[in-house]
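The chain contents come next:
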Amino acid sequence: MEIKKIEYQNFSYMFNLAKYASAKIDQKEGRVIVIKVLENWDMVCKESKEIWVNLIERAGFYPYLSNLENEKLSLQGSLRRNWFKSDNLEDVYFHVKQKDIETALIKNENIVVSAPTSFGKSLIIEEVIASKKYDNLLIIQPTLALIDETRRKLKKYSDYNIVVNSKQEINDKNIFILTAERVLEIKDFPKINFLVVDEFYKISNRINDERINVLNIAISRILYMNPQILFLTPNIDGISKLFLEKYKVLFLNTEFSLVTNKIQKIKKINCLIHCIL
């Protein structure tokens, strides 16, 4: 749906659009309308903004509400918003699907998350680290560039020793940020309490990538330590029932996003991790 600039300033149009979006707020169509309004917030007529603020809250877009300092939520909306505030990250609010993941992780659940790139999966990782619940965490990244990006984001957590290659010293509390190849280079891992695998879909035997076996072996090596797991991937259709049952994994498949984007679906993962299953 395209909204003309002049229509953002028309109260009658924006009121009727809000009514339509309200009826669709639990569907992708309704959320896309809310996102488009947010993207053009400065043009929205003042008289309709209170209606839209409450729609933003209903959509679960709590991170956006922090940027709308001059707008007021209803009492009920304010109470709900406080539920989505991070316990460990200052002035951070989760959106509704991030909160679902955070709640499951607090319950020590294992999770595979299939979601768009714009979902905000890295914020979940940071919440886990900021909780200081785990002594040793391993984040398996597909590229050296992503390793460096993650290292820079996490270096503020000075309670941890950040390890990005096999030559570094290992301390009592470590965050390992490694490619699958580098996981295999480290001979004496401490017990890994929490395992994150980014771009988890690459374990599929349908993906034409010579590094698949290396990634499978690396994951297998760590899973024997029985860590809590968080596997992250772009949108996929499903995960092997055998894998889900063996490792007691919850599969969360969502298209929820805070921005408009195009989604390219990947076929169902067989999850034939030969050395695991």
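Please refer to the structure placed before this passage.
Residues numbered from 1 in each chain as written. Predicted model: local features only at pLDDT ≥ 70, side-chain atom pairs only at ≥ 80, totals over all residues. Heavy atoms only, no water.

(A) Looking closely at the packing of helix α2 (residues 11-23) against helix α3 (residues 28-39). Contact geometry of α2 with α3 gives a least axis separation of 9 Å together with a crossing angle of 145°. Residues M14, L17, Y20 and A21 of α2 lie in contact with α3, whose contacting residues are E29, G30, I33 and V37. Its residues assigned to classes, the contact of α2 with α3 shows six nonpolar, one polar and one charged. (Axes fitted to C-alpha atoms, helices over the stretch in contact; angles between N-to-C directions. Helix = DSSP H or I, 4+ residues; strand = E, 2+ residues; numbered from the N terminus. Contact = heavy atoms within 4.5 Å. Nonpolar A, V, L, I, M, F, W, Y, C, P; charged D, E, K, R; others polar.)

(B) Molecular detail of the pairing of strand β2 (residues 136-140). When you tally the buried positions in β2, you get five out of five residues, the bulk of the element. The side-chain alternation of β2 yields two buried faces, one formed by N136, L138 and I140 and the other by L137 and I139. The pairing of β2 with strand β4 (residues 174-178) spans five bridges and is classified as parallel. Its bridge partner lying in β4, I140 is registered against L178. Strand direction decides the pairing type here: β2 and strand β5 (residues 194-197), joined by four bridges, are parallel. Bridged to L137 within β5 is F194. (Buried < 20%, exposed > 50% of the residue type's maximum accessible area, 1.4 Å probe, protein only. Pairing = 2+ DSSP bridges.)

(C) Focus on the environment of K46. By secondary structure assignment, the location of K46 is in the loop between α3 and α4 (49-58). Taking relative accessible area as the criterion, K46 reaches 73% and is therefore assigned exposed.

(D) Representation of the environment of I236 in the model. Here I236 shows up in the loop between β6 (228-233) and α12 (241-246). We classify I236 as buried; its relative accessible area is 2%.

(E) Seen up close, the packing of aromatic side chains. Per the stated rule, a full pass over the model turns up six aromatic pairs. Judged by centre distance (4.1 Å) and plane angle (15°), the ring pair of Y62 and F84 falls under stacked. With Y62 in helix α5 (residues 62-65) and F84 in the loop between α6 (75-83) and α7 (96-106), the pair connects residues that are 22 residues apart, well separated along the chain. Neither residue differs from the other here; Y62 and F84 are each classed as buried. Geometrically, the ring pair formed by Y134 and F194 is tilted, given 4.9 Å between the ring centres and 55° between the ring planes. In this pair, Y134 is assigned in the loop between α8 (121-130) and β2 and F194 in strand β5, connecting sequence segments 60 residues apart. F194 carries the same exposure label as Y134, and that label is buried. The ring of Y93 has K85 sitting right over it, with the charged end atom 6.0 Å from the ring centre. Over the ring of Y160 we find K173; its NZ or CZ atom is 4.9 Å from the centre of that ring. (Phe/Tyr/Trp six-rings, centres within 6.5 Å; stacked < 30°, edge-to-face > 60°. Lys NZ or Arg CZ within 6 Å of the ring centre and 35° of its normal.)

(F) A look at the nonpolar core. Counting 56 residues, the largest nonpolar core has W52, I129, I175 and L230 as its most contacted members. Among all residues touching I175, those that are not within four sequence positions of it are I129, L137, I139, L154, Y160, N161, I162 and V163. In this structure, F176, L178, I222 and Y247 belong to the second largest nonpolar core, which totals 28 residues. (Core = buried A, V, L, I, M, F, W, Y, C linked by side-chain atoms within 4.5 Å.)

(G) Local environment of the pattern of salt bridges. All chains considered together, the criterion is met by seven salt bridges. Across the salt bridge formed by E126 and K156, the nearest N and O atoms sit 2.8 Å from each other. Remark: K156 occurs in the loop between α9 (144-154) and β3 (161-163) and E126 occurs in helix α8; sequence separation between them is 30 residues. Where E245 meets K241, a salt bridge forms, and the shortest distance between an N and an O atom there is 3.9 Å. Of this pair, E245 and K241 both sit in helix α12, four residues apart, which is roughly one turn of that helix. With relative accessibility at 60%, the residue K241 sits in the exposed group. In the salt-bridge network here, residues are joined through shared partners; they are D148, R151 and R152. (Salt bridge = Lys/Arg side-chain N within 4 Å of Asp/Glu carboxyl O.)

(H) Local environment of the side chain of S114. One can find S114 in strand β1 (residues 110-114). Only 3.3 Å separates the side chain of S114 from the side chain of N253, close enough to count as a polar contact. Here S114 is in contact with T233, P234, N235, I236, F251, L252, N253 and T254, once residues within four sequence places are set aside. (Polar contact = N/O pair within 3.5 Å; in protein donor to acceptor, adjacent residues only side chain to side chain.)

(I) Structural view of α7. Within the sequence span of α7, burial applies to Q98, K99, I101, E102, A104 and L105. Backbone geometry just after α7 places N108 at a positive phi near 65°.

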